[in-house]
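Results of the structural survey
These are the residues of each chain, in order.
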Amino acid sequence: MNKADLRRQVAELFIVRASGFNLDSQRLYPNLEVSNANLKRLLEAGVGGVIFLGGTYQELEIRCKALKQWAGKPLLLCADIEEGVGQRFYGGTQFLPPMGIAQIYKKDPSLGISIAEKVGYITAQESKNIGLNCLLAPVCDINNNSNNPVINLRAWGEDPETVKRLTCAYQSGVARANVLTCAKHFPGHGNSEVDSHIDLPKIQNDLSQLEKFEMIPFKSLIKQGVNSVMIGHLFFPKIDPLYPATLSKRIVNDLLRIQLQFDGLVITDALLMKAISNKYSSGIASVMAFDAGIDLILMPEDIDEAIDSLTEAVYLGKVSLERLNRSRERRQKQIDLISNKNDLKMEESDNKYINHQFLFEGSEFSKSIIKKSIYVRGSFDQKVNDKDINLIKIDDFDQLSNKFIPSLILPEAVGFNNLIIHPLSINPFQINNKNLLDFERSDNIKFLFQLFVRGKPFIGSEYNKQDWVETVKILEIQKRLSGIIVYGCPYLFDQIKRSIDHSIPLAYSPSQCEEAQSQILRRIFNSKTSRKKIDEKSSELFTD
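Being a predicted model, the structure only gives us computed values, none of them experimental.

A word on the overall build of the chain. Secondary structure assignment for the chain yields 19 helices and 14 strands. Per-residue burial for the chain yields a buried fraction of 57% across its 544 residues. Counting only contacts in the chain whose residues sit at least 6 apart along the sequence, the fraction spanning at least 24 positions is 78%.

Structure follows, in structure tokens:
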């Protein structure tokens, strides 16, 4: 085989990151998402998969069709959809974070399992309707460390049995829609305090500990037929003292392939994450990962260097052609499983109507789950003074994407002034005492706190809950605390709930979406937020 043909075959095993938006100028992360010209070149050169972020539900459908034409062959079209299509693509259904469903499961196991299965089905069907065929979900990590900055709400629970049962239910739902799934982050990212996007987590668990705890959900999903397993960028020195899991034959081949007898696709987490890229180049990491037993290589920092390096390794016999063909066969087997050749064809107009109806039903189901998940204690019956503040703490501007979101407009409608604290603003805590907010100039102003806090990629040291707990205690002592709402982190909510008096209105939602905000605030404010007031405030913000 000549080297050019070999390179095309190697390229099949790479997945590149692209925007779901159609125009290059719309890319949310242009440093991570290749341009259209480069994407077209890579697909024409044989690259076999794309992972999307951003764009609208309708736009992504057009995008997927275009990319298939560029490639001229079946592609793996993927997305990190862990909380519904709406999590990544505007217009799709967004669901509770998995931990929120786990909280419902604790109260009613059969209801929790039913919800997880239906969430899986709706997510997969919506994905399929717009052209995606591979969900990089479910997260199978067990969040047994409350200080975990990156897994957190993404986990389906804090114990093996809960995570096992809910991820298996989710897998069943996705399988009904005939979309590929991915169990991640093997052998378990839950017991870490380091985000692998930023650095390499070191986990001291030995193999016997993993078998009794972290690996239980993975074993169950493998038995149930999960299509792929993603290896986490994690260092287990008691299992392999030399290499992180992604590059470890002991973990990928000996543990996953041989011991757990998994013969589906094995995929890396994104190779550009600092856990790997801080030490290894794209080329070296790709060759080492493949040699360890990986099939698909996700998002190397330099895609051409990575493909060229693996091609050279096969060409020179450092990696066998047989090994390359085995991974290509595994990939083809999964693509054949989701082939649409035998699907019934419908008229495009009928298809659009069905898709619209499906989106409506998904949205209504999501609202009903949110209602089951929120906690509200007490209601707001105080008079609001003209200087009182609705303090909103966010860690991502997407949490306040427009002027009309409920967390802004509903408190404003009853008289609060909005104050937003975010990572790019002035630090709200005093320089000489980081446990106190500087209220020296705030007289007798009262505060409604809305705290948007959750573990997620890249948050790193910003995932700090204690400052806000201390601030809440101080305001309570000063009798200047009107109420507290926590969106996201259950651990912060539990700390605050234990520390404040029952007389203070308190609410919690695992979801940070606008529907969750609306449901909570309307319950807390009761009839104070009339439709007329909200409409008046909205009309003030209309500028055209």
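Our focus in this paragraph is the packing of helix α4 (residues 98–107) against helix α5 (residues 109–129). Orientation of α4 relative to α5, taken along the N-to-C sense of each, is 150 degrees, at an axis distance of 5 Å. If you check the angle between α4 and α5, you find them roughly antiparallel. Seen from α4, the contacting residues are I101, I104, Y105 and K107; seen from α5, they are P109, L111, G112, I113, I115, A116 and V119. Classifying every residue of the contact of α4 with α5 by side-chain character gives nine nonpolar, one polar and one charged.

A word on helix α8 (residues 216–224). Along α8, the residues that are buried comprise P217, F218, S220, L221 and I222. Among the structural elements, α6 (160–176), β5 (182–186) and α9 (249–259) are those in contact with the buried residues of α8. In the segment just after α8, G225 is the residue with positive phi, at about 100 degrees.

Our next topic: the packing of α5 against α6. α6 packs onto α5 with a crossing angle of 35 degrees between their chain directions and a minimal axis gap of 7 Å. Handedness of the crossing formed by α5 with α6: right-handed. Of the residues in α6, those touching α5 at G112, I113, A116, E117, V119, G120, Y121, T123 and A124 are R165, L166, A169, Y170, S172, G173, V174 and R176. By residue class, the composition of the contact of α5 with α6 is nine nonpolar, five polar and three charged.

Core analysis: the biggest nonpolar cluster contains 169 residues, and L132, F186 and I496 have the highest contact counts within it. Apart from the residues within four sequence positions on either side, I496 is in contact with L451, V469, V472, I484, V486 and L506.

We now examine the sheet that holds strand β6 (residues 228–231). Strand order in this open sheet of three strands is β5-β6-β7, and the pairing throughout is parallel. Sheet topology places β5 and β7 (265–268) at the edges, where each strand pairs with a single neighbour. Across the sheet, the axes of successive neighbouring strands diverge by a mean angle of 25 degrees, strand direction being ignored. Bridging between β6 and β7 involves four bridges; their strand directions are parallel. When the sheet's bridge partners are listed, M230 is paired in β7 with I267.

The next point concerns the confidence of the model for the chain. The pLDDT averaged across the chain works out to 90; a share of 89% of its residues lies at or above 70. Note that residues 341–349 has pLDDT below 50 and, in this model, three contacts with residues that lie over four places away or in other chains.

With that settled, the discussion passes to unusual backbone geometry. Along the chain, A137 connects to P138 via a cis peptide bond; the corresponding omega equals 10 degrees. Checked against the element boundaries, P138 lands in the loop between β4 (134–135) and α6. The peptide bond linking F186 to P187 adopts the cis configuration, its omega dihedral lying at 0 degrees. Looking at the secondary structure, you find P187 in the loop between β5 and α7 (207–212). One non-glycine residue with positive phi stands out, namely K479, at about 55 degrees. Within the secondary structure, K479 sits in the loop between α16 (466–477) and β13 (481–488). A relative accessible area of 69% means that K479 is categorised as exposed.

Analysis parameters
Residues numbered from 1 in each chain as written. Predicted model: local features only at pLDDT ≥ 70, side-chain atom pairs only at ≥ 80, totals over all residues. Heavy atoms only, no water. Helix = DSSP H or I, 4+ residues; strand = E, 2+ residues; numbered from the N terminus. Buried < 20%, exposed > 50% of the residue type's maximum accessible area, 1.4 Å probe, protein only. Contact = heavy atoms within 4.5 Å. Axes fitted to C-alpha atoms, helices over the stretch in contact; angles between N-to-C directions. Parallel < 35°, antiparallel > 145°, perpendicular 65-115°, else oblique. Nonpolar A, V, L, I, M, F, W, Y, C, P; charged D, E, K, R; others polar. Left-handed = near helix turned anticlockwise from the far one by under 90°. Core = buried A, V, L, I, M, F, W, Y, C linked by side-chain atoms within 4.5 Å. Pairing = 2+ DSSP bridges. pLDDT = per-residue confidence, 0-100.

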